[in-house]
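Structural overview for review
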Amino acid sequence: MGEHVVAAASELQEGDRLVAELAGREVAVFRFDGELYAYLNWCAHQGGPVCEGALTGTYEATYDREANEVSLSWNREGEVLMCPWHGWEYDLPSGECLSQRSTRLPSYPVEERNGDVVVTL
Amino acid sequence: MSTQTNRSPLTENTVVDVDVHLRIPLDDLAEYCDEPYRSTIKHPTYTAVNRSGWDRYMGGNIQKESLPDADTLYEKVCDGFDIDYPLINAFPVLASVPEDDRAVHMMRAYNDYLLDNYLDEYDEFRGLLSVATQDPEAAAEEIERMSSEEKIEGVYVLNSGAHLPLGHPDFDVMYRAAADHDLHIAFHASAGAPFARDFPIQDNAINRFMTTHVLAHPWAHMLTMTSLLVNGTPEKFPDLNFTFLEAGLSWVPYMLFRLNKEYGMRRREAPLLEKSPEEYIREQFYFASQPMGEPNDPQHLKDIIDIVGTDSLLLATDYPHWDFDHPDALDRHLRQFYPEETREGVLADNAVEAFDLSL
Ligand code: FES
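Since the structure is predicted, the reported quantities are computational estimates derived from the model, not experimental observations.

Okay, helix α5 (residues 136–146) of chain B next. For α5(B), the full list of buried residues reads B:P136, B:A138, B:A139, B:A140, B:E142, B:I143 and B:M146. Check the buried side of α5(B) and you find it contacts α4 (100–119), β3 (126–130), β4 (152–158) and α6 (172–180) of chain B.

The structure is reproduced here in C-alpha cells:
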C-alpha cells in the first residue's frame, strides 16, 4: 500500500512502459499520448501478463443497410493493448476490454512528482 | 402414426408448431411452373444422387407419412396433436438443384403452391416462404413478392445445402429484404445430398480463422464419436479408452442424448451395441477440458460439467498453442463447485484411468 516511486520521469519517455513489482503485485506504467497510466499486469481472462503485450490497432466495422455495404477500418493504432497469451484487447487510455465491455484492467493513480513517477496503491 | 384425438393437456393452451413439412410431388409442382421448367422438373435426376438414397424408412417398417393436402394436415396436426397454429414449410431441397435458374423458378412455384393449397385453406395455417440460396438477389425479390401475403410469417432457409456459409455478405440483400418486411429467418439442415455434397464445401468459403477454429474440432469429434458408436468400436474393444482433445466439453451433452435417441429408433444400424451410447461414452470416453467454454454465467459451465460427468473430464492446457488454457481456468471452477476428491480426480486420477498411466 501507499506511494511508490517506480522510475525517474526521464526514464519513462513518450511511448515507453515499465513493469514494477509493488507490494507483491506487478504493476505496469505506460506513458501514452502525454499521459501516465498504471495497470495491474493481470489479464481478466486467465491472468496473463497483459501489460507486456503489443500496443496495436484493431478492426472496427459498420454496416450501411441502405447501401448494403460493410466498411471495415483499421483504427486506434497504438492504443489497443493486446494480451500476449490469447489476444484479449484492452483500450489503453481507459483500460476497458474491447470484447467484454464490463471488464476493465484494475488501474492505480499515477503521477509525476518532483521528477519521479509515483504510483499509489 | 396413430394420432389420438382424446383429451390432451394441450387442448387448454394455444400451441404453435414451428416446423411442419410438406412433401410436394414434383408433378404437382410442375403445374406451378412455366416451360421449360415445367418439363424439366417432371424428369428429376437430382433427388437420387450420391448419398441421398438412404434407407430412411428401415425397409418400409416405419411409416412414411405425408400431408398431401390441407385437410390432412389439419386433421393430423391440428386435431391429432392439438396444434392451433402450424407454421408450414414446403421443405424444398432447392440447394440441390444444379441449375440456378431452375432453382429460382422452383422457389416461386413452391411458395405459390404453399399459399394456394395450404395457407389459403385454413385460417389457422401460417407459412414460411422458401428461398433458393443460389441466388440471394432473387431470394430478396421473392421475399418482397411474398411480403404482402398475410399468412407468410418468415423465411425458410436450407442451410446444409447453401454453397456459401450463410453469413457471407452475399446474403445480406436477402436478410435486408426479410428485415424490411418483418419476416424472420428459420434455418433447417438436411441429411441427404446437401449435407454430403454441398455442406462440406461451405468450409472453403469461410473467410475468418475464428469461424474454422470454432467449428473444426467439435465437428470432427462429433463425426468420430458417431462413427465409433454406430460401428460398435467401443463394444469391440471394451478395454480401450477414447479421449477427445481440444474441443472442450460443451459439444458432448448433445451427443450423449442424441445418440441415445437415434439408437432407440435405429438400433439395427448399430447392432453391435449392447447398451446405450451414453453408457459407452461414460465408461470409455474422456474429454479434455481445453478449450474451456466461457459462459457469461459461470454456473452454466458447472451444469455442463455435471452432465458430462466429472469422471470423464481431464485437465488439458494445449500449451504452447496460442489458445491454450491456463490450468487455473478449470481449477478455479473445480475449487468453487466441487469437493476436493472430485477435483483430484479431474486433475490427475481420471487421466491415470483413461491412459492407464503409471505415476
Ligand atoms: S490471459 Fe490474457 S488473453 Fe487470456
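All names here are of chain B. Formed by 52 residues in total, the largest nonpolar core has its most connected members in L29, L73, I88, Y118, F125, V131 and I143. Among the secondary structure elements, those contributing two or more residues to this core are α1 (26–30), α2 (37–42), α3 (70–81), α4, α5, β4 and α6. Counting residues per element, this core draws most heavily on α4, which supplies eleven residues. Formed by 30 residues, the second largest nonpolar core is a distinct cluster that contains L229, W251, M292 and V346.

Moving on, we come to the side chain of B:S160. Residues and elements named next belong to chain B. As for its position among the elements, S160 is in the loop between β4 and α6. A distance of 2.7 Å separates the side chain of S160 from the backbone nitrogen of S190, its partner in a polar contact. Not counting residues within four places of it along the chain, the set of residues in contact with S160 comprises H188, A189, S190, P194, F195, D198, F199 and Q202.

Within the secondary structure layout, A:S99 lies in the loop between β7 (89–91) and β8 (107–108). Each C-alpha atom of the pair A:S99 and A:W88 lies 7.4 Å from the other, and the pair is eleven residues apart in sequence.

Attention now moves to a nonpolar patch on the surface. Together, A:Y59, A:L72 and A:W74 make up an exposed nonpolar region whose accessible area comes to about 360 Å². Mapped onto the elements of the fold, A:W74 is located in strand β6 (residues 69–82).

With that settled, the discussion passes to the confidence of the model for chain B. Overall, the prediction assigns chain B a mean pLDDT of 92, with 96% of residues at 70 or greater. For this predicted complex, the interface score ipTM comes out at 0.75, while the overall pTM is 0.85.

In any sheet, the strands associate via hydrogen bonds between backbone groups, in a parallel or an antiparallel arrangement. Residues and elements named next belong to chain B. The strand order across the open sheet built from three strands is β6-β7-β8, with neighbouring strands paired in parallel fashion. Each of the sheet's edge strands pairs with one partner strand only, and the pair in question is β6 (242–244) and β8 (313–314). Sheet topology note: the strand β7 (residues 285–288)/β8 ladder contains two bridges and is parallel. Along β8, the bridge assignment pairs F287 with L313.

Across the contact, 14 residues belong to chain B and eleven residues belong to chain A. For the pair chain B and chain A, the summed buried surface comes to about 1,100 Å²; carbon and sulfur atoms form 43% of the total. As a salt-bridge pair, A:R65 and B:D180 come within 2.4 Å of each other at their nearest N and O atoms. Counting across the interface, chain B meets chain A through seven residue pairs in polar contact (both at pLDDT 80 or more). Elements supplying a minimum of two residues to the side of chain B that touches chain A: α6 and α13 (327–337) of chain B. Looking at the side of chain B that touches chain A element by element, the count peaks at five residues for α6(B). A breakdown of the residues in the side of chain B that touches chain A according to their chemical character gives five nonpolar, one polar and eight charged.

The rules behind the values
- Residues numbered from 1 in each chain as written.
- Chains lettered and ligands numbered in written order.
- Predicted model: local features only at pLDDT ≥ 70, side-chain atom pairs only at ≥ 80, totals over all residues.
- Heavy atoms only, no water.
- Buried < 20%, exposed > 50% of the residue type's maximum accessible area, 1.4 Å probe, protein only.
- Helix = DSSP H or I, 4+ residues; strand = E, 2+ residues; numbered from the N terminus.
- Contact = heavy atoms within 4.5 Å.
- Core = buried A, V, L, I, M, F, W, Y, C linked by side-chain atoms within 4.5 Å.
- Polar contact = N/O pair within 3.5 Å; in protein donor to acceptor, adjacent residues only side chain to side chain.
- Patch = residues over 30% accessible without salt bridge, like charges linked within 9 Å, V, L, I, M, F, W, Y side chains within 5 Å.
- Areas by Shrake-Rupley, 256 points an atom, 1.4 Å probe, with all protein chains shown as cover.
- Salt bridge = Lys/Arg side-chain N within 4 Å of Asp/Glu carboxyl O.
- pLDDT = per-residue confidence, 0-100.
- Pairing = 2+ DSSP bridges.
- Buried area = accessible area lost by both parts, 1.4 Å probe.
- Nonpolar A, V, L, I, M, F, W, Y, C, P; charged D, E, K, R; others polar.

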